[in-house]
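Residues per chain are reported as follows:
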Amino acid sequence: MPRRSTFPHLLPLLLLLLLSLLRFTVAVRPFVLVISNEDLIKDYSSDSLPSESEWDDFSPPSASFADPWLSVLDPSSSDLSTSDEFSSSLSDLIAAFSSGDPAAASAAAAQIAAEASAGAPAAQSVIGFLYGAGVLRTPDKARHFMYHSFAADGGDLHSKMALAYSYFRQEMYEKAVVLYAELAEAALTGFLMSKEPPMMEAVRLHSGTEENREALRKSRGEDDEDFQITEYQAQRGNAAAMYKLGLLYYYGLRGLRRDHAKARYWFFKAVEKGDTRAMELLGEIYARGAGVERNYTKAFEWLSLAAKQQYYSAYNGLGYLYVKGYGVEEKNLSKAKEYFQIAAEHKEPGGHYNLGVLYLKGLGVKRDVVTACNLFLVAANAGQPKALYQVAKLFQKGIGLKKNLQMATLLFKTVAERGPWSSLSRWALEAYLKGDTGKALFLYSRMAELGYEVAQSNAAWILDRYGEQSMCMGEAGGFCSDTERHLRAHSLWWQASEQGNEHAALLIGDAYYYGRGIERDYERAAEAYLHAQSQSNAQAMFNLGYMHEHGQGLPLDLHLAKRYYDQALDVDPAAKLPVALALFSLWVRKNYAESFLVSFIDALPDTYPRIQEWVEGILMDEGNATILTLLACLITVLYLRERQRRQAGAAANVQPPEVGLN
């Protein structure tokens, strides 16, 4: 008989899921999901509940898997999952892109193609990528799909990511959700088995049309001035600097290679100097076996010390050890629940998540799906990866939340993108910082195919920014023609715009508006600007106002033009000057439709094709102060003459008073 629940804790809950996790730029806005009564399932039967094995988060993790590209990019890795022949061929291919040698690239691709024909999944995946991107191959969607399908059937996770993203773009959520669920689970398993903590640092190469110099400066590893200052302070005995240095090495932040030995060294030094924050991470190091032999007893000791210092996330680690029975006398689910509860009460997302697992499975507590669902949502709201995975499961299975395959796919995709294949971005960034644009473009293009928005944006930006120096390889085996390069960049920008990158949509609009690499099309430009405008992009709003003002791709409508100009100013106060000029243009067009000023204003874009360049190049140039002054004087004279004319007309219409004779 169906069980009925009122979900008392879920009714007012707003789940703010940040699907653009780790995208450190305003170009991509967070996705906001509101959980309402309509999303909740108040009736469910016991048959609909997940089996214990299906949801068992506390079971021993399966054998770790390896990324076949890692052995090539990082020779120090112990990845032996692929043949020496493939590793050698892939290494030759990457080297050819790095040096800009089309002949060597073609030869390496031919060798990989031979291995693909022999049934090597990793090689099939690479050939599928080349057909999809039109690199050294004529673009062929059918072969792209075929090779990735063969590779995916052979267990290649890169190809599964590529296929999942392809289905996702086509809104084929029934197929996409299955692949992304498998990949998300694999990513989480990697977190459990890997000796490296689950943290990804994505860096965008650009901020709009300019290189993101500040972010790149902070990604130069030991060459960064801030790092050198921190290192100097640590060497001088500064405990806080020691702890910070340990974090940088432990997580591999700011362009540093992960070095667990150095991280452990600096954490120990920090503790000796009285910085107790490092205690918890030392416990994690021993629990994970990160750079040392795994030792749960020492992990328990360090986590206990951290808990006594009121680092409440340490209680979550202690609870996990009690659930597993690691480093303690025996399993103790009551003690585990107590520690998870303490962590949750102090807003530790892992505590909420692990409590949710206990309630979902009925471990040490009475099974309660309502409470479990509520706890998962709270943890997911904080961006906890495992909680995001569990909420995706809820949406996929229709347990606790109404079945929603689109939302499940989005959440699974978010988790899957934190898998070990995300490490390609690190090597792409390192290549870019060394001036190796060919290798950077190749690796970012590979990640773009896997559905990473930042990689799509970065690859497109390299193509546009560096042109021929981007080492772009064309479909004929030589370097890309200008048309090939523009079309490839256009495709990448479009994919990024589909995933919420408003700047990408703006650039697509510009490409159609100005005919850059493609035929000029005002209507498609307007569509792209509308897409960017829907993401609250002020420049797109301004451009739409301009197109309405001039009837380009949109109906001539001065009222709508003013509305868009006003919206641009509301969204971005920095648009005050260009909006003021645009509104003045509308005033002139309305009141002096036949005057030379209208012709003058209309001729400006022909001289300075981009409105933004016109504003920056003319109005912001101090050398044009005289021109601005003269223009202001002319406007003032016209305004005063118009005012005088209207006053004279008004005076002529006034009848003189009648004077009576007595």
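Looking at an unreviewed UniProt entry, one finds the protein named ERAD-associated E3 ubiquitin-protein ligase component HRD3 and attributed to Rhynchospora pubera. You can read under Subcellular location (unreviewed entry) in the UniProt record for the protein the words "Endoplasmic reticulum membrane". Here the protein is described in UniProt, under the heading Sequence similarities (unreviewed entry), as follows: "Belongs to the sel-1 family."

S.K.: Residues and numbers for helix 10 (residues 239-251), please.
M.R.: In a regular helix each residue adds 1.5 Å, so 13 residues correspond to 18 Å; helix 10 covers 19 Å between its end C-alpha atoms and thus fits that length. Among the 13 residues of helix 10, ten are classified as buried, and the element is accordingly described as predominantly covered. Taken residue by residue, helix 10 has Ala239, Ala241, Met242, Tyr243, Leu245, Gly246, Leu248, Tyr249, Tyr250 and Tyr251 as its buried positions. Lining the buried residues of helix 10 we find helix 9 (225-235), helix 11 (260-272) and helix 12 (278-288). The residue sitting at the N-terminus of helix 10 and contributing the capping side-chain oxygen is Asn238; that oxygen lies 3.0 Å from the backbone nitrogen of Ala240. Note on helix 10: the residue one or two positions beyond its end, Gly252, has a positive phi of about 70 degrees.

S.K.: With reference to specific residues and values, describe the packing of aromatic side chains.
M.R.: All chains considered together, the criterion is met by 27 aromatic pairs. Arranged with centres 5.8 Å apart and planes meeting at 45 degrees, the rings of Tyr322 and Tyr339 form a pair that is tilted. On the criterion of sequence distance, the pair formed by Tyr322 in helix 14 (residues 313-324) and Tyr339 in helix 15 (residues 333-345) is long-range, its members being 17 residues apart. In this pair, the class of Tyr322 matches that of Tyr339, namely buried. Judged by centre distance (6.1 Å) and plane angle (80 degrees), the rings of Tyr432 and Tyr466 are edge-to-face. On the criterion of sequence distance, the pair formed by Tyr432 in helix 20 (residues 424-433) and Tyr466 in helix 22 (residues 453-466) is long-range, its members being 34 residues apart. The buried category is assigned to Tyr432, whose relative accessible area is 6%. Take Tyr466: its relative accessible area is 22%, and that puts it in the partly exposed class. Aromatic ring contacts, followed pair by pair, group Phe300, Tyr312, Tyr315, Tyr322 and Tyr339 into a single cluster. The ring of Tyr131 has Arg137 lying over it, and the distance from NZ or CZ to the ring centre is 5.8 Å.

S.K.: So what's going on with the pattern of salt bridges? Which residues, and what values?
M.R.: Under the criterion given, the structure shown has 18 salt bridges. Where Arg217 meets Asp224, a salt bridge forms, and the shortest distance between an N and an O atom there is 3.1 Å. Among the residues examined, Arg217 registers a relative accessible area of 28% and is labelled partly exposed. Salt-bridge contacts for Arg217 lead to Asp226; the nearest nitrogen and oxygen are separated by 3.3 Å. It is possible to trace a salt-bridge network through shared partners that takes in Glu214, Arg217, Asp224 and Asp226.

Basis of the calculations
- Residues numbered from 1 in each chain as written.
- Predicted model: local features only at pLDDT ≥ 70, side-chain atom pairs only at ≥ 80, totals over all residues.
- Heavy atoms only, no water.
- UniProt positions renumbered as here; feature names shortened; annotations may be inferred.
- Helix = DSSP H or I, 4+ residues; strand = E, 2+ residues; numbered from the N terminus.
- Expected span 1.5 Å × (residues − 1).
- Buried < 20%, exposed > 50% of the residue type's maximum accessible area, 1.4 Å probe, protein only.
- Contact = heavy atoms within 4.5 Å.
- Polar contact = N/O pair within 3.5 Å; in protein donor to acceptor, adjacent residues only side chain to side chain.
- Phe/Tyr/Trp six-rings, centres within 6.5 Å; stacked < 30°, edge-to-face > 60°.
- Lys NZ or Arg CZ within 6 Å of the ring centre and 35° of its normal.
- Salt bridge = Lys/Arg side-chain N within 4 Å of Asp/Glu carboxyl O.

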